[in-house]
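Structural overview for review
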Amino acid sequence: MSMKRRITTLSLHRRLLAALLLALPLAAAAQSVPAASSSAAPVAMDAMPGMDRAGMHHTPMPVSASSTAEPAAKAPVKKAKKLHAPAAPSAAPAGTQRMHHMDHGAMPPMDHGSMHGMDHGAPPATPAAGGHAMPGMDHQAMPEMDHGSMPGMDHGATPGTEATPGMAMGPMQGGRAPADARSGDYSDGIAASPAHGLHLHGSAPAGMLLIDQLEAFHGRDANGQSWEAEGWYGNDNDKLWLRSEGERSGGKLEDASLEAFWNRNVATFWSTQLGVRHDFGAGPTRNWAAFGVQGLAPYWFEVEATAYVGPAGRTAARLRADYELRFTQRLILQPEAEVNLYGRADPARGIGSGVSDAALGLRLRYDIRREFAPYVGVVWTRRFGATASLARAEHQAVFDRQWVAGVRIWF
Amino acid sequence: MPPSKEVNVNPFSPLPAVDLSRRRFVQGLALGGAVAGLGLLRPSNVWALTSPGQPTVLSGTDFALDIAETAVNFTGALRPATTVNGSVPGPLLRMREGTTVNLRVTNRLRVPTSIHWHGIILPFRMDGVPGLSFDGIAPGESFLYRFQLRQSGTYWYHSHSGFQEQNALYGPLVVEPAGPERYPADRDYVVMLNDWTDEDPERIYAKLKKQSDYYNFAQPTVPDFFRDVRAKGLGQALAMRRMWNEMRMNPTDLSDVSGHTYTYLMNGTAPAGNWTGIFKPGEKIRLRFINGSSSTIFDVRIPGLKMTVIAADGQDVQPVPVDEFRISAAETYDVIVEPQEARAYTVFAQSIDRSGYARGTLAPRAGMEAEVPALDRRRWLDTQDMMGAMSHADHGGGHAAMPGMDHAGVDHGGMAPAPAVHHARSEYGPSVDMHVDMPRCNLDDPGIGLRDNGRRVLSYADLHTIGGPLDAREPGREIELHLTGNMERFMWSFDGIKYSDAKPIHFNTGERLRIVLVNDTMMNHPIHLHGMWSELENPHGQFQARKHTINVQPAQRISYAVTADAPGRWAYHCHLLYHMEAGMFREVVVA
């Protein structure tokens, strides 16, 4: 892992990290009230713009960047998107086109500017990403726009009729209950059957253990084995969630972590996580309090963003996104990106402050069964900034390309 | 069960040529706890052991039904099934309208069980739903069901306990009219469709909870994309996918559980076994189709024969000649066919997701086969399956942007103005993945995969129950319920609230009310109200058809009238077993 340049913009990293830490709870909150910016979008496919992009825009994954600061701010998601373009056309401008069509047909009074905003709804902390900035668009203003209560937004266009008054359209996904939402209680106070509990019907707990990566890697400078796994148990809303990742090299454990969370569903595709992380392996162990969000962003990106606070003022963040690109029903390419950030140097564990390391993996797996899929792949890893310097001092690689082979298993 | 006499109304139907590896029906069973060991019993040994295709028929007023675990083999592997009197399906019960029947059901399992008489109007204590009607039938115990038959037609029965229904605890039930049949026929066959799996259904459910698309092997792929680019151009290929991807919805999400694990059965016979019904050319044959599947919707046709639909859910309708019909889970359709030629005809029932089919043959003699059609091409869900009537509201650019989406088969002109939709407050949470603000209300859409396929396909708009509604009163009030789900997390509910968190729905005894269902999901949901008829209305609120199970298509609004004349606690649920188990279930209290 080779750092090209000593980071000169440490402070920027700090700010980024701070923004990220700030954004996580905000993002979490946004899930429960995701409507704020989009509640009147007639076909707001992405009802949680702030949310969905929050994790992404803040995701610095400067995988191939020579300067870490810049890409970090520049929505590396674009890179990911490019990767998946064929199957999941994520070209946002095209996306808006579709929205345009819908709007024009059904709701002439709609403000298109706001529609664009919805699509690209950049959270206030980030500049408009993606390079399709809409002139005259005020992203900052987005969260304030309450489309839900926007008067004159009747979209009840039935075929052959013009707008039918009294039919306000909400977003197709997410959103907040309109003021006139009905009650779903038709019980008139009558109690459920005393034997209600005989049927589980929705309350049965479930559990899963997913070893997403169990692999051997062969790099230019190091060989070894690594894993990435998660497991959960619980009901639809609340789960105990465990996560672990780590690697062994030269027969000894290099770097590993184990996390345990209370995972709570807070929106259709999103859950918050509150828990702890324990780092072990080479160097002293570290413990952290952890909180974050995970979920499924539009275009089927699995996203995880977790912030950590440790004793003595340590802070850290880990961001991860992955995707599945199907070549056949069983041959699946799984790109994955991960980046780690630290608020403070921890030389004993070879960590400098700022963006410490990132990895981009491409794993091509074959689902022999859904639960059992061997794979081969390539992973690019890179250490950045102070972390890279520390690595260099220890004669470790700063950049590496690794070939991997392993198996994905779940129960 | 001495009082029940055995009559085989399905005339001779010998064992067809079998693919032994695929369809050997091995029968071992424990007749109650006393019989030790599993072994192959000679058929003569056993009171309800029959070959597939030759269902045992029990008729009369007194029936003894034993529920036990029986080893079956549909796939080459011996698997335990939960059976009634040792057969799959259970015996055909033939009763007569007006009589009072006694059914003694004995549980020879190690777990509680139950039988629900699907579509039969009866006192709620006899309805067979554990937790609502009664406590279920404990192991080793019997329960005596007793009720008077106030209807005739084709129905069925199945377990209402856990996943036993998936594990083959089902059978046909035919109530003969007190008077003459309205549509007399020369022959009368039950054609029961089922989805068998060698897997433990609880594991299927657990898998769906972990990965809801586990059984979907028809998902969009990269080569699909490039094929579309070649055929339609990049812009349209992107446009086809854009909305789905933005919404994180899967356009191929037609069945939760597919032919990947299912072997589709016709009268307990796998396709290779070829269940055969015998006829003589010129005869009128009544086929009583029952979809006893746990998670499969079938599209049925008999190439070369016109089918005249004469009853839906047991109720006679004005005859409708069709080429094909969709039968959702728990529905029944009776059709009459009149083959004139002395040749074989394939009875073809493909699953809605085109992942497999059940198949049988009508032939002048056993052993004949006709060509088995290829499965239809899979279709992606259409925009109207996602957005309802709104898909037609954007004629400007929407259609251009959605190439390859077929809107045919939908009568735009006849579409009634969409009434206002009222989402429940509880629909705005993690349990719901979409809201349809402008659902489609038309009944003349046969549904995804059947639109514009060149065949005359039945739709609900074709069904007109003879005699009109049972209760001419205008509904006095309206209860609106939304069918909701989160496919990604495999959560299913009414109004976003799953059964375990839900309060009952109260009907006032004697009232006539209207139920409005709005499907806020992209899947079909066959909704079954126990104990009372659901009198389906057309978009203008006029009586259409009397049913016990009403299939609500994606993004569709449907209404029906109910007369709350059956005091008690009743089940109300989606008849896709895994949706029900996930929480798409409510208790209805009539009081």
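For the structure given in this document, a descriptive report is provided here. Residue numbers run consecutively from 1 along every chain, following the written order of its sequence. Each chain takes a letter, starting from A, and each ligand takes a number, starting from 1, following the order in which they are written. The model is predicted, so local features are restricted to residues of pLDDT at least 70 and side-chain atom pairs to those at 80 or more, both for listing and for counting; the totals for chains, interfaces and linings are taken over all residues.

Some words on the overall build of chain B
Each helix is a run of H or I in the DSSP string that is no shorter than four residues. Each strand is a run of E no shorter than two, and both are numbered from the N terminus. A tally of helices and strands in chain B yields seven helices and 33 strands. Here, residues touch in the contact sense if the C-beta positions derived from the backbone fall within 7 Å of one another. In chain B, the proportion of contacts linking residues at least 24 apart, taken out of those at least 6 apart, comes to 79%.

Overview of the environment of Arg546(B)
All names here are of chain B. Note that Arg 546 resides in strand S29 (residues 543-547). Judged by the 25 C-beta atoms lying within 10 Å of it, Arg 546 falls in the buried class. When the C-alpha atoms of Arg 546 and Trp 275 are compared, they prove to be 30 Å apart, with 271 residues separating the residues in sequence. Other than its neighbours up to four places away in sequence, Arg 546 contacts Gln 315, Thr 465, Leu 470, Trp 533 and Glu 535. Any residue with 12 or fewer other C-beta atoms within 10 Å of its own C-beta is exposed, any with 20 or more is buried, and the rest are partly exposed; the C-beta atoms used are placed from the backbone.

Remarks on the nonpolar core
By definition, a nonpolar core groups buried Ala, Val, Leu, Ile, Met, Phe, Trp, Tyr and Cys residues that are joined through C-beta atoms within 7 Å. If you look at the biggest cluster of nonpolar residues, it comprises 159 residues, and the most contacted ones within it are Val191(B), Leu193(B), Phe289(B), Val309(B), Val335(B) and Ala349(B). The dominant element in this core, judged by the number of residues it contributes, is strand S12 (residues 187-197) of chain B, at six residues. Not counting residues within four places of it along the chain, the set of residues in contact with Val191(B) comprises Met266(B), Asn267(B), Leu287(B), Arg288(B), Phe289(B), Val347(B) and Gly360(B). Of all hydrophobic cores here, the second largest spans 43 residues; its members include Val303(A), Ala317(A), Leu319(A) and Ala388(A).

As for the packing of helix H3 (residues 222-232) of chain B against helix H4 (residues 234-247) of chain B
Residue and element names in this part refer to chain B. At a closest axis distance of 7 Å, the pairing of H3 and H4 adopts a crossing angle of 130 degrees. Of the possible angle classes, the one that applies to H3 and H4 is oblique. Both H3 and H4 take part in a crossing whose hand is right-handed. Contacts between H3 and H4 pair Phe 225, Asp 228, Val 229 and Lys 232 from the former with Leu 234, Gln 236, Ala 237 and Met 240 from the latter. Helix axes use the C-alpha atoms of the stretch in contact, all axes being lines fitted to C-alpha atoms, and the angles between their N-to-C directions lie in the range 0 to 180 degrees. Between 65 and 115 degrees an angle is taken as roughly perpendicular, under 35 as roughly parallel, over 145 as roughly antiparallel, and anywhere else as oblique. Left-handed describes a crossing in which the near helix is turned anticlockwise from the far one by less than a right angle; the clockwise case is right-handed.

Some thoughts on the sheet that holds S29(B)
Residues and elements named next belong to chain B. The pairing criterion for strands is at least two bridges between them, as found by DSSP. Here six strands make up an open sheet; going across it, the order is S24-S23-S26-S31-S28-S29 and the pairing mixed. Where the open sheet ends on each side, the last strands, each with one partner, are strand S24 (491-494) and S29. In this sheet, adjacent strand axes meet at a mean angle of 25 degrees when their direction is disregarded. Two strands pair when backbone bridges link them, and strand S28 (residues 534-537) and strand S31 (residues 557-563) are joined in this way by two bridges, in the antiparallel orientation. Residue pairing in the sheet places Glu 535 in a bridge with Ala 561 of S31.

Looking at unusual backbone geometry
Residues and elements named next belong to chain B. Put simply, Val 88 and Pro 89 share a cis peptide bond, and its omega is -10 degrees. Positionally, Pro 89 belongs in the loop between strand S5 (79-84) and strand S6 (92-96). A positive phi angle, close to 60 degrees, is found at Arg 354, a residue other than glycine. Take Arg 354: there are 21 C-beta atoms within 10 Å of it, and that puts it in the buried class. The phi torsion at Asp 495 lies on the positive side, around 55 degrees, for a residue other than glycine. Along the chain, Asp 495 falls in the loop between S24 and strand S25 (505-507).

Remarks on H4(B)
All names here are of chain B. The terminal C-alpha atoms of H4 lie 20 Å apart, and with 14 residues this matches the ideal 20 Å at 1.5 Å per residue to within 8%. Within H4, the axis deviates most sharply at Arg 241, by approximately 35 degrees. Of the residues making up H4, those classed as buried are Ala 237, Leu 238, Ala 239, Met 240, Arg 241, Arg 242, Met 243, Trp 244, Asn 245, Glu 246 and Met 247. In a helix, the anticipated span is given by 1.5 Å times the number of residues less one. By definition, a residue's bend is the angle between the axes fitted to the seven residues ending there and the seven starting there.

Focus on the pairing of strand S4 (residues 62-72) of chain B
Both faces of the sheet carry side chains from a regular strand, because those side chains alternate between them. Residues and elements named next belong to chain B. With six bridges joining them, S4 and strand S7 (residues 100-107) adopt parallel strand pairing. Bridge pairing in S7 links Asp 62 to Asn 102. Where S4 lies against S5, six bridges are found, and the strand directions are antiparallel. Paired with Ala 68 across the strands is Thr 83, a residue of S5. Two successive antiparallel strands, S4 and S5, enclose a turn made up of six residues, where Gly 76 displays a positive phi of approximately 105 degrees.

Quick word on the pairing of S28(B)
Residues and elements named next belong to chain B. Residues Ser 534 and Leu 536 point to one face of S28 and Glu 535 and Glu 537 to the other, with burial holding for every one of them. Bridge count for S28 against S29 is four bridges, and the pairing is antiparallel. Among the inter-strand pairings, Leu 536 is bridged to a residue of S29, identified as Ala 545. Taken together, S28 and the strand that follows it, S29, pair antiparallel across an intervening segment of five residues, in which Gly 541 is found at a positive phi of about 85 degrees.

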